[in-house]
Amino acid sequence: MEKIYLQMYSFGEFDPEKTRDHLKAASEMGFSGVELFGPDFVTDALTMKKYLEEYHLEAISLHADTDQIVSMIPYAKTLGLQFIGIGMAYLPDEAAIAAYAKKLNDIGRQCREQGLTLTYHNHTQEFKKYGEKNVLELLLENTDPDYLSLEIDAGWVAAAGESPEAFIEKYGNRVKLIHIKESAEVIGVMPQMNPAERKTDENGHPVFSEQEKADMEKSQKINCPAGKGLVDWKALEKAADAKGCAAYIVEREYSYAGERLDCLKADIDYYKSVLFN
């Protein structure tokens, strides 16, 4: 596993007109490929394939909402993706988790039939416990390993107060992708936001309370420079290699200094120096 990919969300810009520029920048920084997300899908699959070939990038995965996954299968197949992922879900209680696991089994089966592996990506909220088990553990317990794998976000795991490498060691047979992100401090399990209760402005953009804004700003600002936070990257690499994880994907939430591109270039330079030596 000597390639490093970039989650396109990391550019911090959501203008579909900038997709091609972002791909070019990813290539120039030295990323082997990308993980696509929302605004990228405005670019049709054949054009996206052309751009990826032009910039010598491999698209390994994409993120979409749960209810969009099945409709994105043709797009993913056109690009030759191996994985198709869900970025997060609102799971407020055990009943919701059980119902969602059933839904994931059905979606994952459809992905599997088309040669794709469905993944679920964590934030801190999935480490809320019900009895002795957290949300991720309940999802794993109630889904077929053939139909659901995990994309572990190392930064969010650490921010929740857990060990990313220990989680991989324990559940590595289900962990296929790893978001490599740094966190400067433990913030614990952040509260979930119910999309059904989310207010929007006249342009359809979400409206957040002052407390929600403060919580989001805090969770973003802990995304410190690579190598300056909580994650033991050599220990994580050892666990990931032992379990056969498929790819490392950089994701950045916050520009700690200078421009976002400067932070992303520092990220890939650091991870290349640490993970493969």
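The structure this text deals with has already been given above.
In this text the structure is predicted, and so the values were computed from the model without any measurement.

### A few points about the overall build of the protein chain
Turning to step 1, where the next piece is worked out: Scanning the protein chain for helices and strands turns up 10 helices and 12 strands.
Turning to step 2, where the next piece is worked out: What you see for the protein chain is a C-alpha radius of gyration of 18 Å, in line with the 19 Å of a compact globule of 277 residues.
Turning to step 3, where the next piece is worked out: For the protein chain, the C-alpha atoms occupy an extent of roughly 50 × 50 × 40 Å along the three principal directions.
Turning to step 4, where the next piece is worked out: Here the protein chain holds 277 residues, and 49% of them are scored as buried.
Turning to step 5, where the next piece is worked out: For the protein chain, long-range pairs separated by at least 24 residues make up 77% of all intrachain contacts whose partners lie at least 6 apart in sequence.

### Notes on the side chain of Thr-124
Turning to step 1, where the next piece is worked out: If you trace the backbone, Thr-124 turns up in the loop between β5 (117–121) and β6 (129–130).
Turning to step 2, where the next piece is worked out: Every residue in contact with Thr-124, bar those within four places of it in the chain, is listed here: Trp-156, Ala-159, Ala-160, Ile-187, Gly-188, Val-189 and Met-190.

### Brief notes about the pattern of salt bridges
Turning to step 1, where the next piece is worked out: Inspection of every chain in the model, using the stated rule, returns 18 salt bridges.
Turning to step 2, where the next piece is worked out: Note that Lys-133 and Glu-141 form a salt bridge whose closest N and O atoms lie 2.0 Å from each other.
Turning to step 3, where the next piece is worked out: On the accessibility criterion, Lys-133 (34% relative accessible area) is partly exposed.
Turning to step 4, where the next piece is worked out: One salt bridge in this structure joins Glu-210 and Lys-213, with 3.5 Å as the shortest N-O distance. Of this pair, Glu-210 and Lys-213 both sit in helix α8 (residues 210–221), separated by 3 residues, roughly a single helical turn.
Turning to step 5, where the next piece is worked out: For Lys-213, a relative accessible area of 40% corresponds to the partly exposed category.
Turning to step 6, where the next piece is worked out: A cluster of three or more residues bridged by salt bridges with shared partners is formed by Asp-153, Lys-181, Glu-251 and Glu-253.

### Comments concerning the environment of Asp-267
Turning to step 1, where the next piece is worked out: Here Asp-267 lies in helix α10 (residues 260–275).
Turning to step 2, where the next piece is worked out: Under the relative-accessibility criterion, Asp-267 is labelled buried at 2%.
Turning to step 3, where the next piece is worked out: Separated by 54 residues in sequence, Asp-267 and Lys-213 have C-alpha atoms that sit 26 Å apart.

### As for α10
Turning to step 1, where the next piece is worked out: Taking 1.5 Å of rise per residue, the 16 residues of α10 would be expected to cover 22 Å, and the 22 Å separating its terminal C-alpha atoms lies within 8% of that figure.
Turning to step 2, where the next piece is worked out: Residues of α10 that are buried include every one of Arg-260, Cys-263, Leu-264, Asp-267, Ile-268, Tyr-271, Val-274 and Leu-275, and no others. Buried residues of α10 fall within an arc of 145 degrees about the axis and therefore sit on the same side.
Turning to step 3, where the next piece is worked out: Of the surrounding elements, those touching the buried residues of α10 are β1 (4–7), α1 (19–29), β9 (175–180), α9 (233–243) and β12 (247–250).

What counts and how
Residues numbered from 1 in each chain as written. Predicted model: local features only at pLDDT ≥ 70, side-chain atom pairs only at ≥ 80, totals over all residues. Heavy atoms only, no water. Helix = DSSP H or I, 4+ residues; strand = E, 2+ residues; numbered from the N terminus. Rg over C-alpha atoms; globule rule 2.2 N^0.38 Å. Buried < 20%, exposed > 50% of the residue type's maximum accessible area, 1.4 Å probe, protein only. Contact = heavy atoms within 4.5 Å. Salt bridge = Lys/Arg side-chain N within 4 Å of Asp/Glu carboxyl O. Expected span 1.5 Å × (residues − 1). Arc of directions from axis to C-beta.

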